[in-house]
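In case you want the letters, here they are:
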Amino acid sequence: MIISFAALVLSTLIALYNIELQKSFQKFEHGSKEKTKQDLLEVLASLRLIVAKASIGNFCKNLDFKEEKNAVQRFLQSNTWTAMENSFCISKKDSLLLQRLLIILNSEDRSDLAAFAAISEKDLHDFIAKDGIVTINKLKENYSNLLISLSGSKSTDEITKALYETVEKMLTDGDKNFRSFLYYLRDEQNISDPDVDVFIATLAGDALALENAIKVGGNINVTTGDIYKKYDCYLKEFEINKKQP
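Residues numbered from 1 in each chain as written. Predicted model: local features only at pLDDT ≥ 70, side-chain atom pairs only at ≥ 80, totals over all residues. Heavy atoms only, no water.

Peer 1: Help me understand the overall build of the protein in this model?
Peer 2: A count of helical and extended segments in the protein gives 14 helices and zero strands. In the protein, the order of α-helices and β-strands from amino to carboxyl end is α-α-α-α-α-α-α-α-α-α-α-α-α-α. Burial analysis of the protein (245 residues in total) assigns 41% to the buried set. Summarising the internal contacts of the protein: among those between residues at least 6 apart in sequence, 77% fall at separations of at least 24. About 13900 Å² of surface is accessible on the protein, with carbon and sulfur atoms providing 53% of the total. (Helix = DSSP H or I, 4+ residues; strand = E, 2+ residues; numbered from the N terminus. Buried < 20%, exposed > 50% of the residue type's maximum accessible area, 1.4 Å probe, protein only. Contact = heavy atoms within 4.5 Å. Areas by Shrake-Rupley, 256 points an atom, 1.4 Å probe, with all protein chains shown as cover.)

Dropping the structure here:
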């Protein structure tokens with residue numbers, strides 16, 4: 001594919017994140033000032049450890065990033081992050097921090113992990129240096145205003161629609177042919193394959209379908225080449241059917 005499938009998966013995961021964010025509003029708990037510091041310190045320490053581990057990866061092959069990724073996940077699910085993200089909206093400041101943290105959660109490449117962890121750590125330090133903790137705590141203290149402000153953001157349906165329209169503009173003829181092949185496998189050959197479903201959900205910008213495909217074993221690192229190779233026996237018939245009126 002000409003477009004980056006990894007980027008599409010990331011965009012769809014962001015849409016999925018927004019769905020979970022909407023659900024979390026009902027469970028939002030009033031956070032204390034100490035909890036804000038605790039959340040930030042934990043994620044900063046984890047990002048620093050990712051950089052350190054990645055730098056010695058060639059010497060310690062058995063190192064993994066599971067605990068650090070879990071800490072990043074907890075941070076994204078905390079009301080500290082919810083308030084922090086809301087502060088970006090209020091200030092109308094574009095931030096790539098969410099995208100970078102999601103890449104950390106979904107990447108296994110040590111170089112990528114080190115790079116995005118280092119940049120994310122700097123972003124957080126910059127935010128803190130500009131009275132970010134004070135801003136977060138003020139937002140936490142006003143629970144009702146926070147919910148009202150967040151509810152004014154784009155709905156999940158609007159985000160998903162925008163994602164789909166963006167993908168459509170980026171697709172080449174080859175990409176569209178591959179998408180047709182995916183639907184051919186699923187709908188006409190009754191192929192039940194979570195890897196195929198991962199592709200279909202991502203190209204459709206369907207975050208919930210992507211989540212379901214991953215839950216039943218779909219691999220977000222699957223490539224077009226993997227699919228073509230796996231279902232090579234169906235290609236000839238697909239091309240013949242496509243040419244028929």
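After that view of the structure, there is still more to cover.
Peer 1: Whenever I open this one, the packing of helix H3 (residues 66–76) against helix H5 (residues 97–106) confuses me. Can you help?
Peer 2: Interaxial distance between H3 and H5 falls to 9 Å at its minimum, and their mutual angle equals 145°. Both H3 and H5 take part in a crossing whose hand is left-handed. Contacts between H3 and H5 involve Lys69, Val72, Gln73, Phe75 and Leu76 on the former and, on the latter, Leu98, Leu101, Leu102, Ile104 and Leu105. In terms of residue class, the contact of H3 with H5 is made up of eight nonpolar, one polar and one charged. (Axes fitted to C-alpha atoms, helices over the stretch in contact; angles between N-to-C directions. Left-handed = near helix turned anticlockwise from the far one by under 90°. Nonpolar A, V, L, I, M, F, W, Y, C, P; charged D, E, K, R; others polar.)

Peer 1: So what exactly am I meant to see when it comes to the packing of aromatic side chains here?
Peer 2: The geometry of an aromatic ring pair comes down to the distance between the two centres and the angle between the two planes. Tallying each qualifying case throughout the model produces 10 aromatic pairs. Ring plane angle 70° and centroid distance 6.5 Å describe the contact between tryptophan 81 and phenylalanine 88, whose orientation is recorded as edge-to-face. Arranged with centres 6.4 Å apart and planes meeting at 20°, the rings of phenylalanine 181 and tyrosine 184 form a pair that is stacked. Of the two residues, phenylalanine 181 and tyrosine 184 both sit in helix H10 (residues 173–188), three residues apart, roughly one turn of that helix. (Phe/Tyr/Trp six-rings, centres within 6.5 Å; stacked < 30°, edge-to-face > 60°.)

Peer 1: I would appreciate a short explanation of the pattern of salt bridges in the present structure.
Peer 2: Side chains carrying opposite charge are able to pair once their charged atoms draw close together. Summed over all chains, the structure comprises nine salt bridges. A salt bridge links glutamate 121 to arginine 48, with the nearest nitrogen and oxygen atoms 2.5 Å apart. Of this pair, glutamate 121 sits in helix H6 (residues 110–129) while arginine 48 sits in helix H2 (residues 33–55), and the two are 73 residues apart along the sequence. Between glutamate 108 and lysine 69 there is a salt bridge, with the nearest N and O atoms lying 3.2 Å from each other. With glutamate 108 in the loop between H5 and H6 and lysine 69 in helix H3, this residue pair connects regions lying 39 residues apart in the sequence. Taking the relative accessible area as the measure of exposure, glutamate 108 reaches 63% and is therefore exposed. Take lysine 69: its relative accessible area is 10%, and that puts it in the buried class. (Salt bridge = Lys/Arg side-chain N within 4 Å of Asp/Glu carboxyl O.)

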